[in-house]
Amino acid sequence: MHSELAPAPGSTTIDVALKIWRYDAETGEKELKRYEVEAPDWVTLLDVLDLIKDKQDGTLAYRKSCRMMICGSCGMRMDGAAVLACKTRMYDIAKSGHVPVISPMGNLPVRKDLVVDMDPFWSKIRAMKPWLDPGYEEPAEKERIVSQQQMNVIHKEALCIMCGCCVSECNSMESDPEFFGPAALAKGMRFVGDARDQADVARLNDYNAEHGIWDCTRCYFCNERCPKGVDPRDAIAKLGAESIKQGVDHDMGAKHAKWFVTSAKTTGWLRETELVPKTQGVVSAIKQTKFALGLARRGKVPPPVPPHVAARVDESRKLYNLVKEQGRDGALGIVQGEHALGRIEFAEQAGVKTSDPEVRPGVEPPHAEG
Ligand code: SF4
Ligand code: SF4
Ligand code: FES
């Protein structure tokens, strides 16, 4: 056995089986091959691949470097879901008798076996201009202190290790390979949200372009599969909120989002019949009249007049006013909302009343740094 993977004295071994998609882009040959190894009980998927390569098949191709979830090299799919091989423990899987299928990441061209071409990934990251634009050549002051509250806005985005697992799972990229994608947009948010960056509006205009933030389908698979907790979908939501706050709202997606808010505030309902003219414009709405009438005949949309007003519409108006009063707009508003929900959940678990000042939405607890 490979010396680095020898079981420690007293530790046990497990039998691990994998099925791996072998592929050669040059010949086009593709084959699902089964491998079995005896390994120490603490092995990760990456360790098992190393054992296979060392002992059984030196032609197996995959990427790795750090082996500790830092470099982002070892992204691949296990049973169709993107994982970091060095983060994936095999003990429970092997003990259950399951034989997982290992394949390359999705949405990127496959070169050989588990190795994908990352060039499309990097070109999208580069398109986000991932460097700080402080708006000056020489700083006026020696030190620029960024508050904890400002850092909280980009805390998660800064954790990205560029592994591509989110890109692998993105539904929108599957239908539109030109979509900027979750990793690049999370990187964009990392700079839009940086208090030292002075290029927010220019960046937001770029990210609101075709194939930009509003093309995300909100499937949340990127959040689910990101191994570092970056939550790229949340980053895209922050970019959307920041775009509207900064007046970069020419895209249909922004208009759609704004109409949702107006509709909920004024009637407590989503007024679907007005959604198309408010979002796509009157000309487009007229073109869709026949379709709309068909929907109305089958009771799928309510008539536009009189508007359907919820019995307790005052509640949604109060909520709207509260959010306005607290200034919870833009990316910071989203982060405050996340923190408030976290505090409410924590307080409920601890049996604290959610009306206590400690857990009021939008109010930082006394111990938080400003
Ligand atoms: S939420 Fe958006 S960015 Fe994330 S995987 Fe789905 S479509 Fe892609
Ligand atoms: S956002 Fe997460 S999944 Fe996507 S590249 Fe960064 S670390 Fe990987
Ligand atoms: S080998 Fe570096 S993240 Fe897995």
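Note that the structure is a prediction, hence the values are computed from the model and not measured.

Asks: Talk me through the side chain of Arg 190; I want residue IDs and the actual numbers.
Replies: Within the element layout of this structure, Arg 190 appears in helix α7 (residues 182–192). Within the local environment of Arg 190, its side chain forms a polar contact with the side chain of Asp 194, the two groups lying 2.9 Å apart. With residues near it in sequence (within four places) discarded, Arg 190 still touches Ile 154, Glu 157, Ala 158 and Arg 196.

Asks: Before we move on, can you summarise the sheet that holds strand β1 (residues 13–23) with the specific residues and values?
Replies: The sheet built from 5 strands is open, its strands ordered β2-β1-β5-β3-β4 with mixed pairing. The sheet terminates laterally at β2 (30–40) and β4 (81–84), the two strands that pair on one side only. Neighbour to neighbour, the strand axes of the sheet diverge by 35 degrees on average, direction disregarded. Pairing between β1 and strand β5 (residues 101–103): 2 bridges, direction parallel. Following the sheet pairing, Ile 20 is matched in β5 by Ile 102. Seen against the sheet, helix α1 (residues 45–55) touches β1, β2, β3 (75–78), β4 and β5 and runs at an angle of roughly 75 degrees to β1.

Asks: Any chance you could break down the confidence of the model for the chain for me, citing the residues and the numbers?
Replies: Scored by pLDDT, the chain has a mean of 90; 92% of the residues are at 70 or more. In the model, residues 361–370 has pLDDT below 50 throughout and makes 23 contacts with residues more than four positions away in sequence or in other chains.

Asks: Can you break down helix α11 (residues 252–267) residue by residue, with the values?
Replies: Its 16 residues give α11 an end-to-end C-alpha distance of 22 Å, which sits within 8% of 22 Å, the value for a rise of 1.5 Å per residue. Within α11, burial applies to Gly 253, Ala 254, Trp 259, Ser 263 and Thr 267. Buried residues along α11 sit in contact with α10 (232–245), α12 (272–280) and α15 (313–325).

What counts as what
- Residues numbered from 1 in each chain as written.
- Chains lettered and ligands numbered in written order.
- Predicted model: local features only at pLDDT ≥ 70, side-chain atom pairs only at ≥ 80, totals over all residues.
- Heavy atoms only, no water.
- Helix = DSSP H or I, 4+ residues; strand = E, 2+ residues; numbered from the N terminus.
- Polar contact = N/O pair within 3.5 Å; in protein donor to acceptor, adjacent residues only side chain to side chain.
- Contact = heavy atoms within 4.5 Å.
- Pairing = 2+ DSSP bridges.
- Axes fitted to C-alpha atoms, helices over the stretch in contact; angles between N-to-C directions.
- pLDDT = per-residue confidence, 0-100.
- Expected span 1.5 Å × (residues − 1).
- Buried < 20%, exposed > 50% of the residue type's maximum accessible area, 1.4 Å probe, protein only.

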